[in-house]
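Topology and contacts: notes
Listed below are the residues making up each chain.
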Amino acid sequence: MRRTGTLAFLTIVAMGSLSCGNSMGVETSAQSAMQDQSEIYKTFLTQWIGTEQKPINVSRTAETPSAADMKDFTECAASGTRWATPAPANDITGQISQLSYVRPTDPKTWKPQDPQNLIAHGQSVGSAVDSGFSHGLMTLSAVVFDTTHHTAALKYSFVCGGLCGNGGTVIFIKTSHGWARSKKACGTWIS
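Everything quoted here is computed from the prediction, not taken from an experiment. (Residues numbered from 1 in each chain as written. Predicted model: local features only at pLDDT ≥ 70, side-chain atom pairs only at ≥ 80, totals over all residues. Heavy atoms only, no water.)

**Considering the nonpolar core**
This is how the line gets drawn: The term nonpolar core refers to a set of buried residues drawn from Ala, Val, Leu, Ile, Met, Phe, Trp, Tyr and Cys, joined through side-chain atoms within 4.5 Å. Only protein chains enter the accessibility calculation, which uses a 1.4 Å probe. A residue is then buried if its area is under 20% of the maximum for its type, exposed if over 50%, and partly exposed in between. Starting at the N terminus, helices and strands are each numbered in turn, a helix being any DSSP run of H or I of at least four residues and a strand any DSSP run of E of at least two. Contact definition: two residues touch when any of their heavy atoms are within 4.5 Å.
Of all hydrophobic cores here, the largest spans 26 residues; its most connected members are Leu45, Met138 and Leu140. Every element with two or more residues in this core is listed here: α1 (2-49), β1 (56-59), β5 (137-140), β7 (151-161) and β8 (164-175). Once residues within four sequence positions are removed from consideration, Leu140 is found in contact with Tyr41, Phe44, Leu45, Val58, Thr61, Ala62, Glu63, Ile92, Leu154, Lys155 and Tyr156.

In structure tokens form, the structure reads like this:
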């Protein structure tokens with residue numbers, strides 16, 4: 001009886017160890033994906049803003065890529081790229097707020113300063129465009145990884161008024177030095 005009890009106890013401990021190992025592996029994988037997503041956001045925003053690093057409003061919420069976005073990602077990436085299921089929309093404040101020039105912004109309360117309206121009220125074109133850009137809003141999609149976790153894609157849009165903005169799809173490739181932006185950019189638009 002004592003031996004059976006010891007065997008049952010060891011079996012339960014072993015099963016618990018295996019289940020802890022699996023949950024730790026999943027947690028580590030999720031943390032790694034979160035770190036990669038943060039690195040991709042930082043790389044994109046740093047390159048997009050340029051060397052001046054003027055403050056920019058970035059939506060706190062990443063949008064979930066739509067079926068049309070996923071089709072764009074496939075057309076933009078290397079032939080045969082298979083994407084993992086896109087992450088749902090989430091708060092990315094913690095992933096972008098380390099950048100000194102980023103102002104995490106609630107898109108529901110954001111108000112543009114449309115350059116067209118400012119010009120109509122007497123501001124110079126240069127001043128109106130500067131004001132429009134400084135009050136614009138960058139919105140990012142959740143980062144989607146391919147099934148090998150070596151290619152990633154995101155969609156972005158920057159809106160600063162009715163005829164002021166740009167956006168598109170950007171592809172990233174994992175290198176030995178981290179995530180690097182691919183030369184490929186698709187679905188680019190300018191307003």
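Text resumes after the structure shown.
**What to know about the pattern of salt bridges**
A pair can form between side chains of opposite charge whenever their charged atoms are brought close. Convention followed: Just to be clear on terms, a salt bridge is a Lys or Arg side-chain nitrogen sitting within 4 Å of an Asp or Glu carboxyl oxygen.
Summed over the entire model, instances satisfying the criterion amount to 4 salt bridges. In this structure, the salt-bridge partner of Glu52 is Lys54, at a minimum N-O distance of 3.4 Å. Two residues, Glu75 and Lys71, come together in a salt bridge whose shortest N-O distance is 3.9 Å. One end of the pair is Glu75 and the other is Lys71, both in helix α2 (residues 67-76) and 4 residues apart, which spans about a single turn.

**Overview of the state of the cysteines**
Convention followed: What counts as a disulfide here is a pair of cysteine sulfur atoms lying within 2.5 Å.
If you walk through the whole model with that rule in mind, you get 2 disulfides. Each sulfur in the disulfide pair Cys76 and Cys186 lies 2.1 Å from the other. What sets the handedness of the Cys76 and Cys186 disulfide is the S-S torsion sign, and at about 85° it is right-handed. You can see Cys76 sitting in helix α2 and its partner Cys186 sitting in strand β9 (residues 178-190), a full 110 residues away along the chain. A relative accessible area of 2% places Cys76 in the buried class. Residue Cys186 is classed as partly exposed on the basis of its relative accessible area, which comes to 23%. The disulfide bridge from Cys160 ends at Cys164, spanning 1.8 Å between sulfur atoms. Taking the sign of the S-S torsion, about -80° here, the bridge from Cys160 to Cys164 comes out left-handed.

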